[in-house]
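# Fold and geometry: a report
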Amino acid sequence: MSEVHVTSHPLIQHKLTILRDKETGTKAFRELVDEVATLMAYEITRDMELEETMVETPIQKTKAKSLAGKKVGVVPILRAGLGMTDGILKLIPAAKVGHVGLYRDHETLEPVEYFVKLPSDVEERLFIVVDPMLATGGSAIMAIDSLKKRGAKNMKFMCLVAAPEGVKALQEAHPDVDIYIAALDEKLNEDGYIIPGLGDAGDRLFGTK
Ligand code: PRP
Ligand code: URA
């Protein structure tokens, strides 16, 4: 079974509280999503492999560490995942970016795929799939299915707010994909929104309704 990491860092929790506030406008919302994504990227990269290297400081040569292991790909689930992408790239600037476009049908709550574009070396990369919200889990499951179908072997999923229902569904569908969450909320309401949540992440990020 996959691991579920709920990040308890005070800066993340503080910023998340402002994101939840219905009075927070689009500009501040966008900036905060970006900042939280950077802080979460620090957590999600904690187990990255290192190798020994030599470096010459102004004083002498010394052994030091640099990143080894798999190259990274960031995959935002459109639209709302876009808001987290730059925040992650600040820490992993060499990462390539793929896109999976999905929307959730408002009647059935089922995700509908409309766009997929991934880097060509899919099999060799560690993909960080990002979306602010994990509600029923349908979108995350379909996005990861889509990556696997195209050859992806290593993935992590990162979101800001998750419902227990979505975490359970994602773990059952993809037991090999660890999940990183800033807050695990109470439940879903009858419209499939996370309670207490932060509302519609895509609309709040892009100022749509
Ligand atoms: C939202 C959110 C997730 C999805 C989560 O996207 O950004 O992608 O819903 O719900 P689920 O876990 O029940 O699938 P939405 O469909 O509203 O599209 P948008 O990002 O384009 O607004
Ligand atoms: N998508 C959102 O943007 N918010 C929710 O609460 C659930 C799905």
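No experiment lies behind these values; they were computed from the predicted model shown.

## Description of the packing of helix 2 (residues 26-44) against helix 3 (residues 82-89)
Put simply, helix 2 and helix 3 touch, their axes get as near as 7 Å, and they point 50° apart. Accordingly, the angle class assigned to the pair helix 2 and helix 3 is oblique. Considering only the axes of helix 2 and helix 3, their crossing is right-handed. Mapping the contact onto sequence places Val33, Asp34, Ala37, Thr38 and Ala41 in helix 2 and Gly83, Met84, Asp86, Gly87 and Ile88 in helix 3. Its residues placed into classes, the contact of helix 2 with helix 3 shows 5 nonpolar, 3 polar and 2 charged.

## Concerning the packing of helix 4 (residues 138-149) against helix 5 (residues 164-173)
Contact geometry of helix 4 with helix 5 gives a least axis separation of 9 Å together with a crossing angle of 20°. Classified by the interaxial angle, the pair formed by helix 4 and helix 5 is roughly parallel. The interaxial crossing formed by helix 4 with helix 5 has right-handed handedness. Two secondary-structure elements touch here, helix 4 through Ala140, Ile141 and Ile144 and helix 5 through Ala169, Leu170 and Ala173. Residue composition of the contact of helix 4 with helix 5, by class: 6 nonpolar, no polar and no charged.

## A short note on the environment of His99
Examined against the element boundaries, His99 turns out to sit in strand 6 (residues 99-104). Take His99: its relative accessible area is 25%, and that puts it in the partly exposed class. Taking the C-alpha atoms as reference points, His99 and Arg79, separated by 20 residues in sequence, lie 9.4 Å from one another. Not counting residues up to four positions away in its chain, the partners in contact with His99 are Val75, Pro76, Leu78, Leu82, Phe115, Val116, Lys117 and Leu118.

## Thoughts on the site of ligand 2
Around ligand 2, the surrounding shell consists of Arg104, Met133, Ala135, Gly192, Tyr193, Ile194, Gly199, Asp200 and Ala201. Ala201 places a polar main-chain atom, nitrogen or oxygen, 2.9 Å from an oxygen atom of ligand 2. Relative to its free-state accessible area of 240 Å², ligand 2 is covered by the protein chains to the extent of 88%. Judged by the proximity of its atoms to the pocket grid, ligand 2 belongs to the largest pocket. Per-class residue counts for the shell around ligand 2 are 5 nonpolar, 2 polar and 2 charged.

## Focus: the site of ligand 1
In the region of ligand 1, 14 residues are neighbours, and Arg104, Asp131, Thr136, Gly137 and Ser139 sit closest. At 2.9 Å from an oxygen atom of ligand 1 is found a side-chain nitrogen or oxygen belonging to Arg79. Between Asp131 and ligand 1, the recorded distance is 2.4 Å, taken from a side-chain N or O atom to an oxygen atom. Starting from 500 Å² of accessible surface for ligand 1 in isolation, the protein chains cover 92%. The cavity where ligand 1 resides is the largest pocket. Along the lines of polarity and charge, the residues of the shell around ligand 1 split into 6 nonpolar, 5 polar and 3 charged.

About the thresholds
All residue numbers refer to positions counted from 1 along the written sequence of the respective chain. Lettering of chains starts at A and numbering of ligands starts at 1, both following the order in which they are written. Confidence filtering applies because this is a predicted model: local features only for residues at pLDDT of at least 70, side-chain atom pairs given and counted only at 80 or more, and all residues used for totals across whole chains, interfaces and linings. Note that water and hydrogens are dropped before the side-chain values are worked out from all heavy atoms of the structure. Axis geometry follows a simple rule: fit a line to the C-alpha atoms, using only the stretch in contact for helices, then measure angles between N-to-C directions, giving values from 0 to 180 degrees. Counting from the N terminus, the helices are the DSSP runs of H or I reaching at least four residues and the strands are the DSSP runs of E reaching at least two. Roughly parallel means an angle under 35 degrees; roughly antiparallel, over 145; roughly perpendicular, 65 to 115; everything else is oblique. Crossing handedness follows the turn of the near helix against the far one: under a right angle anticlockwise gives a left-handed crossing, and clockwise gives a right-handed one. The contact criterion used throughout is that any non-hydrogen atoms of two residues lie within 4.5 Å. Amino acids are sorted into nonpolar (Ala, Val, Leu, Ile, Met, Phe, Trp, Tyr, Cys and Pro), charged (Asp, Glu, Lys and Arg) and polar (every other residue, Gly among them). The buried label applies to any residue whose accessible area, calculated with a 1.4 Å probe on protein chains only, is under 20% of its type's maximum; exposed applies above 50%, and partly exposed to all values in between. Here a residue counts as near a molecule or strand whenever at least one of its heavy atoms sits within 4 Å of it. Two N or O atoms form a polar contact when they lie within 3.5 Å of each other; inside protein one atom must be a possible hydrogen donor and the other a possible acceptor, and for residues adjacent in sequence the pair counts only when both atoms belong to side chains. Only the protein chains shown count as cover for residues, with accessible areas throughout obtained via the Shrake-Rupley method and a probe of 1.4 Å. The rule is simple: put a 1 Å grid over the protein atoms alone, call a set of points where a 1.4 Å probe fits but cannot get out a cavity, call an open set with protein on both sides within 12 Å along at least five of seven lines a pocket, and count a residue as lining if it has an atom within 4 Å of a point. What decides whether a molecule sits in a cavity or pocket is whether more than half of its atoms lie within 2 Å of the grid points.

Geometric values such as these leave the question of function open.
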